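# Structural overview
These are the residues of each chain, in order.
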Amino acid sequence: MRDYQVSQRRACVLIGVDPKTVRRERPPDHGAIREAMREIAGQRRRFGYRRIGVMLERKGMSMNHKKLYRLYREEGLSIRRRRGRKRARGSRTPVPGALRPGDRWSMDFVADTFGASRKFRILAINDDCCRENLCLAADTSISGARVARELDALVRLHGKPACIVSDNGTEFTSRAILQWASQNKVEWHYIDPGKPQQNGFIESFNGSLRDELLNEELFDSLADARRKLAIWRYDYNHVRPHSSLGNRTPAQARRTFVQDDSITPGALVQASIPEYSTARLSL
């Protein structure tokens, strides 16, 4: 190559040498600095190149910041910035009390399986005042647009709620739901992340649903799951007694609220408590 001014490829062809045996990568420069950088980054994984540079200076290895950044990138030590998922804030006003039917709805998702471990989800929507279950929609995938359609159907049947409470799930914070709440002028309250007790009514319902149906039944298909959910929902609303409603059913509680505007949820419980005489207590 020096004497005849030919390329490396041509010289290898002439002498019958594989170019891979000639072409060798140059060893990286500043091996000691690179080793020290890897050692610091291994101990402090969230340190960027500036902090690593400070730690190197303490060891007597000082250099220009451009050179430091080049070595930092070549060693593959760049860290990914952690960004929290943007969460919809909803209404900032206090959550109103559920004193009348339609004052507050709550919703959540429950998951289960059918067939050969095929997963499906259940969208549960309840009226917190009379504890009535308004919707049990089951499907393999439920998007925010599907939730909005289910809410439209419920509004046509029961009227528009004053408030809806849910968690910060992606379906409830989607553009479809935000647009639906804005168009229908419904206040949407999101509970704090990791605080399911702030939506206690729907969490209690989810526990009853899982204990009384999901853990007791095997579902052969999605259609079978929907059929059993519909049967259980009717029993929950029209047959099953609720201690929070004075052992009334949610359907009876709704009729009572509609017929008497002055009644409160607590009055239903008090009205069902029998008055025992002292003679009866002595027994």
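In this report, we go over the structure that sits alongside the text.

Analysis parameters
Residues numbered from 1 in each chain as written. Predicted model: local features only at pLDDT ≥ 70, side-chain atom pairs only at ≥ 80, totals over all residues. Heavy atoms only, no water. Buried < 20%, exposed > 50% of the residue type's maximum accessible area, 1.4 Å probe, protein only. Helix = DSSP H or I, 4+ residues; strand = E, 2+ residues; numbered from the N terminus. Pairing = 2+ DSSP bridges. Salt bridge = Lys/Arg side-chain N within 4 Å of Asp/Glu carboxyl O. 1 Å grid on protein atoms, 1.4 Å probe; cavity = no way out; pocket = protein on both sides within 12 Å on 5 of 7 lines; lining within 4 Å. Points joined across faces, edges and corners; volume = space filled by probe spheres on them. Nonpolar A, V, L, I, M, F, W, Y, C, P; charged D, E, K, R; others polar.

## Examining the pairing of strand S1 (residues 105–114)
Most of S1 sits out of view: eight of its ten residues are buried. As defined by bridge partners, S1 adjoins strand S2 (residues 118–127) across ten bridges and the pair is classed as antiparallel. Across the sheet, residue Val110 finds its bridge partner in S2, namely Ile122. Between S1 and S2, which pair antiparallel and follow one another directly, the connecting turn spans three residues, one of which, Gly115, has a positive phi of 60°.

## Points about the pairing of strand S3 (residues 132–139)
Counting buried residues in S3 gives eight out of eight residues, a clear majority hidden from the surface. With seven bridges connecting them, S2 and S3 associate as antiparallel partners. Counted as the bridge partner of Asp127 is Glu132 from S3. Where S2 hands over to S3, the hairpin turn is made up of four residues, of which Arg131 adopts a positive phi near 60°.

## With respect to the pattern of salt bridges
Using the criterion set out here, one finds 20 salt bridges in the structure. Across the pair Glu74 and Arg34 runs a salt bridge whose closest N-O atoms are separated by 2.5 Å. Of this pair, Glu74 sits in helix H5 (residues 65–74) while Arg34 is found in helix H3 (residues 31–43), placing the two residues 40 residues apart along the sequence. By relative accessible area, which is 45% here, Glu74 ends up partly exposed. Between Arg227 and Asp224 there is a salt bridge whose closest N-O contact spans 2.9 Å. Residue Arg227 and its partner Asp224 are located together in helix H9 (residues 222–238), separated by three residues, close to a single helical turn. Classification of Arg227 as partly exposed rests on a relative accessible area of 46%.

## Focus: the layout of surface pockets
Roughly 190 Å³ of volume is contained in the second largest pocket. Listing elements by their share of the lining of the second largest pocket, those giving two or more residues are S2 and helix H8 (200–214). The dominant element in the lining of the second largest pocket, judged by the number of residues it contributes, is H8, at four residues. Considered class by class, the residues forming the lining of the second largest pocket number three nonpolar, six polar and four charged.

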